[in-house]
Every structure is written in structure tokens, then in C-alpha cells.
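Single-letter residue listing:
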Amino acid sequence: MPSTPLSDHVEALLTSGLPLPIVAAGDPVLRRPAEPVDGQLPDGLLARLAEAMRVTMRAAPGVGLAAPQIGVPLRLAVVEDAATVSDEVRAARGRLPQPFRVLVNPSYEAVGEGSAAFYEGCLSVPGYQAVVTRHERVRLRALDELGRPVDEEFAGWPARIVQHETDHLNGTLYLDRAEPRSLASTQSVRERWAQPTPHLAAKELGFSLPESG
Ligand code: NI
């Protein structure tokens, strides 16, 4: 397979050492829709890229990473969540452990009308979190790293991760969907707003939550 500007770029990136640097908000690569994965990278290179993303996500640490966040404009993301949270938080947020998976060309659609509002953050927006109302349940369609179709429903926190990462591939950051008045430094979230739900934050910071949130 002949090399292309994109495959040369990925090869160069993968020789630069791990973890890879994460692109921060302000870089246009985070704002452009990413290209569908369609043979631009030879299979072996795609697998090495996904592995480098896994290492980078774990080192951050994070529960998801989309290729534009390492400067690669492809519809590719990785997710994994050990969900090391209290039982109370786990129950309120529906945060169950998720195995490592590679999502190629993912898209999602809402299932039902339910929504959920919680604090979330993004590795490309370091230092802050904000409350985002998202679909409680989504149907994900994608391919896995071997090109096999994925068609699966996700609920709770895993559904949030799927939406957040897929949004990245459409040039959307969580801030675009966030409640502006909920914006909080990571430190204030840790010190003040670590409750299982953001109801107290809503009251004290002056924003509203959806009925079902
Ligand atoms: Ni993100």
C-alpha cells in the first residue's frame, strides 16, 4: 500500500514515544468532522494507532480517547472504564466497568426519551468539568478493530462515554452541550461537587437540571 500524508503522519506520531501528547481545545483538529476510516491506514498501522491510544488513555488517565485528540483526523476512538467509584456513585450514575474496546466509525442514536445530567470532563479541556445532559440510553453502531460490525445498546455512564467520544469525531466538545453555569474547576468538583448527582451544585451555582436528571 502506498504511503499517504495521513499514514506518514501516523507513522511519525507513533515513533515519537508514548504516551502521545493530547491536543487541547483551541486546535482546529478538535473542531473538524473526522474522516471515516476507510483504508487510509494499512491494518497493522491502524492496530498500532489504537494500541498507542490505549496507552495514552490509561496514562492520562481517562475513560475514552478519540483520534482527533492526538491530532489524527479519523473516526476512531478507544474506551475503557475500570469504574473505581463508590457504590453510591455507581448506582446514581449507572457507572459499570467497561472493557477496553476500539470503536471504528462509530455513530449513535438515542433510545427512548430518558436523559441524565452529570459532571463530566475531557482530556482536551484540562482543569475543568461541567454538567452535561445526555441521552440515558443510546444505540451504538460501529466497527471493531477487526472490522466486525458492532450494534449495541449502552445505558448510564457507558452511554455517556460513547456519546462524548463519538461527539469528538463530529467536531463537538462536551462544552458545546454543557450547562455554562455548572462550569467548575476539577478541584472544586472534588471538594464541593462530588455528590452522586449534581443537584446541590445546581442549587448553589444557579442552573437547572432536567426532570429525569
Ligand atoms: Ni473528550
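What you see as residue numbers is a count from 1 along each chain, following the sequence as written. Thresholds applied to this predicted model are a pLDDT of at least 70 for local features of residues and 80 or more for the giving and counting of side-chain atom pairs; totals over whole chains, interfaces and linings are not thresholded and use all residues. Water and hydrogen atoms play no part in the side-chain values, which are based on all heavy atoms of the structure.

1. Observations regarding the side chain of Asp 144
You can see Asp 144 is positioned in the loop between strand E6 (137-143) and strand E7 (149-155). The cut-offs for exposure are 20% and 50% of the maximum accessible area for each residue type, with area from a 1.4 Å probe on protein chains only; residues under the lower value are buried, those over the upper are exposed, and the others partly exposed. For Asp 144, a relative accessible area of 11% corresponds to the buried category. Nitrogen and oxygen atoms within 3.5 Å of one another constitute a polar contact, given that in protein one can donate a hydrogen and the other can accept it, and given that sequence-neighbouring residues count only through two side-chain atoms. There is a polar contact of 2.8 Å between the side chain of Asp 144 and the backbone nitrogen of Leu 146. Apart from the residues within four sequence positions on either side, Asp 144 is in contact with Val 102, Val 104 and Val 150. Numbered from the N terminus, helices here are DSSP runs of H or I no shorter than four residues, and strands are runs of E no shorter than two. It only takes one pair of heavy atoms within 4.5 Å for two residues to be counted as in contact.

2. Describing the sheet that holds E6
Strand order in the open sheet made by the five strands is E1-E2-E3-E6-E7, with antiparallel pairing throughout. Of all the strands in the sheet, the pair left with one neighbour each is strand E1 (64-66) and E7. Ignoring strand direction, the axes of neighbouring strands in this sheet form an average angle of 40 degrees. Criterion used throughout: strands pair if DSSP finds at least two bridges between them. Pairing of E6 with E7 involves seven bridges; the strand directions are antiparallel. What sits directly across from Arg 141, in E7, is Asp 151. Lines are fitted to the C-alpha atoms to define the axes, a helix being fitted only along its stretch in contact, and any angle between axes, read from their N-to-C directions, falls within 0 to 180 degrees. In this fold helix H2 (residues 43-59) packs onto E1, strand E2 (76-81) and strand E3 (98-110), with an angle of close to 40 degrees to the strand it touches most, E2. Across the sheet, helix H4 (residues 156-169) lies against E1, E2, E3, E6 and E7, angled at about 70 degrees from E3, the strand it touches most.

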